[in-house]
Amino acid sequence: MIPPTLLNINLLRAIGTLLKLAVKKLFLFILRAIKLSDVVPVRFNLWLMLFTSCWVVYMLRVNMSLNLIAMVPQPARNISSRSQCSSDNEVLNESLRHVDIPEIREAPRQIGGGSFNWSKDQQATILGSYFWCYPVTSLVGGMAAERWGPRYVVLVTSLASAVLTMISPAAARLDYIALVVVRFFLGFAGGFIYPALHVLVARWAPPAEKGKFVSAMMGGTLGTVVTWSLTGPLLEKFGWASAFYVPAGLTFVWCGFWWYLVADTPADHPRISIAERKYIIDALGDKIKKSKGMPPFKSICTSFPFLAMIILHFGNLWGLYFIMTVGPKFVSSVLGFELAAAGIISALPYLARLFMATIFGAVGDCILSRKLMTTTTIRKFFCLFSHVLPGILLVLLVYTGCNTALSVAMITMSMGFNGAATLTNLQNHQDLAPNYAGTLYGIANFIGSTAGFFTPMITAYFTRNGDNFEQWRPVFFVGASVYIVSAIFFVLFGTGNTQDWNFTSKEKDDGKEEKAKVDDQNDMNDTSRNSYIKDTKENPTSITTRA
């Protein structure tokens, strides 16, 4: 009979052997995955990381909009508000599984984890605090990425954002001011990311593929869709704190992939093929220089085409931040969807924006590659879809009344058409000055992101005395007006041509010297050819044949 001690030793050895085999298999699997990622074109890996980086930054930005609905007890709607969209008989409050959408009513507000008696002004302060410093860091984010490289800038700020999101529940329990401070620094970190990504696009995207790369910036749309779709169930099953912890954990995982797969330029990437590197560098030509000098701020600030792009970008962000920050509040308090439904319904417009942005980006690349339109014509024509039509749909929305299905359709169509921004304000700075794309986007975002600060305040002002359509109409009118006026200004004064200040004085001089050399060579060729013709005329050569 085998002693029990020997059996235990043999059992431990067997378990150890199995663990070694499992670790070895896992290690081999990871190696194969890494090798497979090296086989895939680096541009595809970069597109994927651009897409998911926007997903991550929006996931950390917009979760507060829905979380506040769970964290703060919502007052019952007044009689005049209820009479607009409620029936005499009380209807069972279910989720989107309910067949009749108009019959979904007021959400249950008691969510696990505690509640806070914050006023509307305090809630607006919490939402708006993200944007207090966001414009400032957007302003310097492009310059930081141009100087130190977009890879490091995005990595460091994403890690900082994950940490801040992780400590948000503790800050909320401490005091609402503490949460405002956390949101302030979250916006501080988030402001660097988008300008840095545009620097990455300028250094990697061939002109014929730029629309596809810029459409990757709609990854924030997917981040909004996933966040608002999953936050509702998380809130109701695990409490509001889980809606902070889960996004933070996902961000930490994503940062590892970013560090491995992304490089600042094609020349810096350790695993890119020679053919792909040559294709990108040849396609970009001499418009991109890896320079660490200061941007020509005087020329930038006095450029009228750049001013037109800023105004167009501001109009786009006004409509975007309006639906992003107050969208859940509108569908929950006015349309009457419950908490889980509010998350899903509020995400639908962003899903449409993602889908349409991909289509518009591909269409724009096709038009440009076939030379059916000039770059300037493309930028101005698609303003019709990115700004004018969304503004018109916002105006129509306030007259849909209690037809909740039509209201949701209007919001969804408005954001869907705005996907054409991939061909207008989200790409125009790349046209004007590819060398300073991050700086230009940072300046435009500095001004445009102030919309995220004012939108919650304006909404709180107009809806202070109620949450019915009468109170919300001025909010929608303001959003629609900014959309349309900004598009008209760009159509009149915008352009898609590269500006002279994209190049430094030395590059201009080098270009002039090169042109002079070419002209001299052409003159020499013309002189030689004319001399040859003259000699031929003066000394004709005849060949006679004797019989």
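Treat the numbers as computed from the prediction; the structure is a model and nothing was measured. (Residues numbered from 1 in each chain as written. Predicted model: local features only at pLDDT ≥ 70, side-chain atom pairs only at ≥ 80, totals over all residues. Heavy atoms only, no water.)

J.: What's the story with the packing of aromatic side chains in this structure? I'm lost.
T.: Between two aromatic rings, the relevant description is the distance of the centres plus the angle of the planes. Under the criterion given, the structure shown has 22 aromatic pairs. Look at Phe360 and Phe385: their rings are 5.6 Å apart centre to centre, the planes differ by 45 degrees, and that puts the pair in the tilted class. Here Phe385 lies in helix H17 (residues 383-397) and Phe360 lies in helix H15 (residues 339-369), a separation of 25 residues in the sequence. The exposure class of Phe360 is buried, given its relative accessible area of 8%. Pairing Phe381 with Phe382 gives two aromatic rings, centres 5.2 Å apart and planes at 85 degrees, and the pair type is edge-to-face. Residue Phe382 is classed as buried on the basis of its relative accessible area, which comes to 5%. Grouped by ring-pair contacts, the aromatic residues Phe116, Trp118, Tyr176, Trp240 and Phe244 constitute a single cluster. (Phe/Tyr/Trp six-rings, centres within 6.5 Å; stacked < 30°, edge-to-face > 60°. Helix = DSSP H or I, 4+ residues; strand = E, 2+ residues; numbered from the N terminus. Buried < 20%, exposed > 50% of the residue type's maximum accessible area, 1.4 Å probe, protein only.)

J.: Can you help me understand the nonpolar core in this one?
T.: Most often, soluble globular proteins have nonpolar side chains that are buried together. In terms of nonpolar packing, the biggest core is built from 99 residues, with Leu50, Met71, Trp118, Trp240 and Trp258 touching the most fellow members. Examining the composition of this core, we find that 17 residues originate from one element, helix H2 (residues 42-71), more than from any other. With near-sequence residues (within four places) excluded, Leu50 lies in contact with Leu197, Leu200, Val201, Phe213, Ala216 and Met217. (Core = buried A, V, L, I, M, F, W, Y, C linked by side-chain atoms within 4.5 Å. Contact = heavy atoms within 4.5 Å.)

J.: When you look at the pattern of salt bridges in this model, what are you seeing that I'm missing?
T.: Side chains that differ in sign of charge can pair as their charged atoms come close. Per the counting criterion, the structure on display carries 5 salt bridges. The partner of Asp365 in a salt bridge is Lys212, with the nearest N and O atoms 3.3 Å apart. Pair noted here: Asp365 is in helix H15 and Lys212 is in helix H9 (residues 210-215), with a separation of 153 residues, a long-range link. By relative accessible area, Lys212 is classed as partly exposed at 41%. Across the pair Arg379 and Asp431 runs a salt bridge whose closest N-O atoms are separated by 2.5 Å. With Arg379 in helix H16 (residues 375-381) and Asp431 in helix H19 (residues 428-432), this residue pair connects regions lying 52 residues apart in the sequence. Of the two residues, Arg379 and Asp431, neither departs from the other in class, the shared state being buried. (Salt bridge = Lys/Arg side-chain N within 4 Å of Asp/Glu carboxyl O.)

J.: What should I look at first to understand helix H7 (residues 176-190) in this one?
T.: A turn of α-helix holds 3.6 residues, and therefore any two residues three or four places apart point the same way. When the terminal C-alpha atoms of H7 are compared, their 21 Å separation across 15 residues agrees well with the 21 Å that a helix rising 1.5 Å per residue should span. All buried positions along H7 are accounted for by Tyr176, Ala178, Leu179, Val180, Val182, Arg183, Leu186, Gly187, Ala189 and Gly190. Elements that come into contact with the buried residues of H7 comprise H2, helix H4 (120-148), helix H5 (150-166), helix H6 (168-174) and helix H8 (193-204). (Expected span 1.5 Å × (residues − 1).)

J.: Can you walk me through the packing of helix H10 (residues 219-238) against helix H11 (residues 242-261) in this structure?
T.: Angle between the axes and distance between the axes are the two parameters that describe a pair of packed helices. Where H10 contacts H11, the axes come no closer than 9 Å and their chain directions differ by 125 degrees. When the axes of H10 and H11 are compared, the pair comes out oblique. Of H11, the residues touching H10 (which contributes Thr231, Leu234, Leu235 and Phe238) are Ser242, Ala243 and Val246. The residue inventory of the contact of H10 with H11, partitioned by class, reads 5 nonpolar, 2 polar and no charged. (Axes fitted to C-alpha atoms, helices over the stretch in contact; angles between N-to-C directions. Parallel < 35°, antiparallel > 145°, perpendicular 65-115°, else oblique. Nonpolar A, V, L, I, M, F, W, Y, C, P; charged D, E, K, R; others polar.)

J.: Looking at this structure, how should I read H5?
T.: The terminal C-alpha atoms of H5 lie 24 Å apart, and with 17 residues this matches the ideal 24 Å at 1.5 Å per residue to within 8%. Here H5 has its buried residues at Pro150, Arg151, Val153, Val154, Leu155, Thr157, Ser158, Ser161, Ala162, Leu164 and Thr165. On the buried face of H5, the contacting elements are H2, H4, H6, H7, H8 and H11.

J.: Would you explain the side chain of Ser53 in this entry?
T.: Here Ser53 lies in helix H2. Ignoring any residue separated from it by four or fewer positions in sequence, one finds Ser53 in contact with Leu197, Trp254 and Trp258.

J.: Even after reading the chapter, I still don't get the environment of Val136, so can you show me in this structure?
T.: As for its placement among the helices and strands, Val136 is situated in helix H4. Owing to a relative accessible area of 41%, Val136 belongs among the partly exposed residues under this scheme. Considering only alpha carbons, one finds Val136 and Gly442, 306 residues apart in sequence, at a separation of 8.6 Å.

J.: Looking at this structure, how should I read the confidence of the model for the chain?
T.: Keep in mind that low pLDDT regions are not for reading the predicted coordinates in detail. Looking at the chain as a whole, its pLDDT mean stands at 76, while 71% of the residues score no less than 70. No element of the chain has a lower mean pLDDT than helix H3 (residues 79-85), which averages 44, and none a higher one than H5, which averages 94. The low-confidence segment residues 532-547, where pLDDT is below 50, has 0 contacts with residues more than four positions distant or belonging to other chains. (pLDDT = per-residue confidence, 0-100.)

J.: Any chance you could explain the side chain of Arg183 here in plain terms?
T.: Examined against the element boundaries, Arg183 turns out to sit in helix H7. At 14 Å, Asp175 is the nearest oppositely charged side chain to Arg183, a buried residue that forms no salt bridge. Residues within four places of Arg183 in sequence aside, it is in contact with Leu60, Arg61, Asn63, Met64, Ile126, Leu127, Ser129 and Tyr130. (Lys, Arg positive; Asp, Glu negative; His and termini not counted.)

J.: Help me understand the environment of Arg379 in this model?
T.: For Arg379, a relative accessible area of 3% corresponds to the buried category. Excluding residues that lie within four positions of it along the chain, Arg379 makes contacts with Leu423, Thr424, Gln427, Asn428, Asp431 and Phe490. A polar contact is formed between the side chain of Arg379 and the side chain of Gln427, at a distance of 3.1 Å. (Polar contact = N/O pair within 3.5 Å; in protein donor to acceptor, adjacent residues only side chain to side chain.)

J.: Looking at this structure, I do not really get the environment of Phe213. What am I missing?
T.: Take Phe213: it is sitting in helix H9. Phe213 gets classed as buried once you look at its relative accessible area, which sits at 3%. When residues no more than four places from it in sequence are discounted, the contact partners of Phe213 are Arg43, Leu46, Trp47, Leu50, Val201, Ala205 and Pro206.

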